[in-house]
Amino acid sequence: MLVYATLSELINSVPPEWPEDLLPEIQAHNRRTAETLVVLDDDPTGTQTVYDVPVLTEWSEETIDAEFRRGTPVFYILTNSRSLTEAETTDLHETLARRLDAVSRQTGRRYTLVNRGDSTLRGHFPAEPAALERGWGQQADAWLLAPFFREGGRLTAHDVHFIAEGETLTSAADTPFARDATFGYRNSDLKAWVEEKTGGEIRADDVVSLSLETIRQGGPDAVANRLKPLKNAQIVVVNALSLRDLEVVVRAMQRLPEKRFIFRTAASWVQAAAGLQTRPLLEKAELVDSENRTGGLTVVGSYVPKTTAQLTNLLASGAVEGVEIAVPKLLSDDFEAEVERVRQVVEAALWDGRDVVAFTSRDLVQTADPTESLRLVNRVSAGLVELVRRLAVRPRYLIAKGGITSSDLAVKGLGVRRALVRGQILPGVPVWQTGTETRFPGLTYVVFPGNVGGEGALREVVLKMKTR
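In what follows, the accompanying structure is described. Just so you know, these numbers come straight off a predicted model, no measurement behind them.

**Regarding the pattern of salt bridges**
Scanning all chains against the criterion turns up 40 salt bridges. The partner of R260 in a salt bridge is D101, with the nearest N and O atoms 3.4 Å apart. Pair noted here: R260 is in the loop between α8 (243–254) and β11 (261–265) and D101 is in helix α4 (residues 86–107), with a separation of 159 residues, a long-range link. On the basis of relative accessible area, R260 is assigned to the partly exposed category, the value being 22%. A relative accessible area of 15% means that D101 is categorised as buried. Close ionic contact of R150 with E151 constitutes a salt bridge, the shortest N to O distance being 3.2 Å. We classify E151 as partly exposed; its relative accessible area is 23%.

Here it is in structure tokens:
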């Protein structure tokens, strides 16, 4: 494995970027073909690079049909599959593939499908792409694996996936994400990672590398020539250090309309494929309902070390009042009593106009069994859902910290069926506006990934949302 001491060393290890601006060509192609980009998102954090885009949390044929007939250029379907078992997500993705193809035929509108996964390599792979192929009833020519995510410092070079914090560079397998109880892994080299995740069914030597040299020196033509001969679900590692690298690959895809690809990517791919310009971060005036005098609520469920550091920083700032939720009680017969205790404290603060953060106790409860670990996570999340569902007061805003937490609070706590992504409050931190069907229509809902931002990021978001 190639090792780099710093981010600068990694960036300087490859030739200069492809010089041409390809965004106008991508946008022109998208307008001409009038295809819909459908993103199957395994948790709500995948909306962290887009804006003015709807998110669906249910996927009946009628709902999908309505988006296709509206001519919606991009929409997300929130599967929240990272909280599902492999069997459950397999059934779901087979169903979605069949349904999307059926609606496409009925409406005459073509679509491109993105299987959005985690930029730190957690999630159901290869189960989800394989299920999509079964749902289609045909094998894709290739699967493109592109976990690059600029805002989170997720970089892929020489087939190795890195995570950057400032100038500090760490191979993905050497981070806490690789020790995930359900989705852990040992390899940062993505070719070896594929072999590991497929149980040796696909060997590392059989994985194709789309190198930075090909992307940056040859441009779309060279990439298209590299991909055109591929067939039989060949897996391709997409190396990328910038959004421009992805745009080169997207433009190459557009030149291969006869090929069928499955895109297993992080959030940055969606921005490139949709041809979206980078938009400035949302300002306080765009976020805060100054007429609402109640307090704002932050709910923290994520356990990753970065979240704990951000929570500690927020509590130390004095910007909010803290209410700890005892996880052992949520996992016991004291579930109801603990939810009710926290609800009363939170409601009193909100009615009084005080901002509050409700957070799960930080002692992580773990088990060696991945299925049991997932059950415990979902039980804790159920407690957070009940807290939000029972609120008798509309908070001025709601921040949800963590992927499963933000999905469950949106769908089960607020009743979101279709939300609008308004943009980002910080790089990689999306803001939704809830729909009319929800408990609190038009609520500013911040989807804060557990693994994004520096130590002061959560405090910065809360301060941006405060009115006094």
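Here the narrative resumes.
**Observations concerning the environment of L350**
Tracing the backbone shows L350 in helix α13 (residues 335–351). In this structure L350 comes out as buried when scored by relative accessible area, which is 0%. Taking the C-alpha atoms as reference points, L350 and A131, 219 residues apart in sequence, are found 44 Å from one another. Those residues within four positions of L350 in sequence are excluded, and the remaining contacts are T294, G295, G296, L297, V356, L391, V393 and P395.

**Observations concerning the sheet that holds strand β6 (residues 154–157)**
Strands sit in the order β6-β7-β8 across an open sheet of three strands; the sheet is antiparallel. Edge positions in the sheet fall to β6 and β8 (168–171), since each of these pairs with one other strand and no more. Neighbouring strand axes in the sheet, compared pairwise and without regard to direction, differ in orientation by 35 degrees on average. In this structure, β6 lies alongside strand β7 (residues 160–165), joined through four bridges in antiparallel fashion. Note on β7: the bridge partner recorded for A157 is V160.

**Some details on unusual backbone geometry**
Most peptide bonds adopt trans geometry, and most residues besides glycine take a negative phi value. Of note, the amide linkage connecting F125 to P126 takes the cis form, showing an omega dihedral of 10 degrees. On the secondary structure map, P126 appears in the loop between β4 (111–116) and α5 (127–136). Of note, the phi angle at A34 is positive, near 55 degrees, even though the residue is not glycine. Among the structural elements, A34 can be located in the loop between α2 (23–33) and β1 (36–41). Phi is positive for A233, which is not a glycine, with a value near 55 degrees. Tracing the backbone shows A233 in the loop between α7 (212–227) and β10 (234–238).

**A closer look at the environment of N187**
Here N187 is to be found in the loop between β8 and α6 (190–197). Residue classification places N187 among the partly exposed residues on the basis of a relative accessible area of 23%. Sequence separation between N187 and R417 is 230 residues; the distance between their C-alpha atoms is 37 Å. Here the side chain of N187 touches E196 through a polar contact of 2.7 Å, side chain to side chain.

**A look at the pairing of β10**
Looking along a regular strand, one sees the side chains alternate between the two faces of the sheet. Most of β10 sits inside the fold, with four of its five residues counted as buried. Where strand β5 (residues 142–146) and β10 come together, four bridges link them in parallel fashion. Each residue of the ladder has a partner; that of L144, found in β10, is V236. Looking at chain direction, strand β9 (residues 208–210) and β10 are connected through three bridges and run parallel. By the bridge assignment, S209 is partnered in β10 with V237.

**Quick notes on the side chain of D141**
Along the chain, D141 falls in the loop between α5 and β5. Excluding residues that lie within four positions of it along the chain, D141 makes contacts with L230, K231, N232, A233, Q234, E258, K259 and R260.

**Some words on α8**
A rise of 1.5 Å per residue sets the reference length of α8, with its 12 residues, at 16 Å; its end C-alpha atoms lie 17 Å apart and thus fit the reference within 8%. Of the residues making up α8, those classed as buried are L243, D245, L246, E247, V248, V249, V250, R251, A252, M253 and Q254.

**Overview of the nonpolar core**
The biggest cluster of nonpolar side chains holds 88 residues, and the ones touching the most others in it are L144, V249, W269, V346, W432 and Y445. L144 has contacts with L227, V236, V238, V249, M253, F261, I262, F263, R264, T265 and W269, leaving out every residue within four places of it along the chain. Residues I64, L96, Y111 and W136 belong to the second largest nonpolar core, which totals 36 residues.

**Details of the packing of aromatic side chains**
Under the defined criterion, the tally for this structure stands at seven aromatic pairs. The rings of F68, F75 and Y111 are connected pair by pair, giving a single aromatic cluster. Over the face of the ring belonging to W136 we find R260, whose NZ or CZ atom lies 3.7 Å from the ring centre.

**Details of the packing of α13 against helix α14 (residues 370–389)**
Where α13 contacts α14, the two axes come as close as 9 Å, and the packing angle between them is 40 degrees. When the axes of α13 and α14 are compared, the pair comes out oblique. The element α13 and its partner α14 pack so that their crossing is right-handed. Contact residues: α13 offers F335, V339, V342, R343 and V346, while α14 offers R379, A382, G383, E386 and L387. In the contact of α13 with α14, the residues fall into six nonpolar, one polar and three charged.

Basis of the calculations
- Residues numbered from 1 in each chain as written.
- Predicted model: local features only at pLDDT ≥ 70, side-chain atom pairs only at ≥ 80, totals over all residues.
- Heavy atoms only, no water.
- Salt bridge = Lys/Arg side-chain N within 4 Å of Asp/Glu carboxyl O.
- Helix = DSSP H or I, 4+ residues; strand = E, 2+ residues; numbered from the N terminus.
- Buried < 20%, exposed > 50% of the residue type's maximum accessible area, 1.4 Å probe, protein only.
- Contact = heavy atoms within 4.5 Å.
- Pairing = 2+ DSSP bridges.
- Axes fitted to C-alpha atoms, helices over the stretch in contact; angles between N-to-C directions.
- Polar contact = N/O pair within 3.5 Å; in protein donor to acceptor, adjacent residues only side chain to side chain.
- Expected span 1.5 Å × (residues − 1).
- Core = buried A, V, L, I, M, F, W, Y, C linked by side-chain atoms within 4.5 Å.
- Phe/Tyr/Trp six-rings, centres within 6.5 Å; stacked < 30°, edge-to-face > 60°.
- Lys NZ or Arg CZ within 6 Å of the ring centre and 35° of its normal.
- Parallel < 35°, antiparallel > 145°, perpendicular 65-115°, else oblique.
- Left-handed = near helix turned anticlockwise from the far one by under 90°.
- Nonpolar A, V, L, I, M, F, W, Y, C, P; charged D, E, K, R; others polar.

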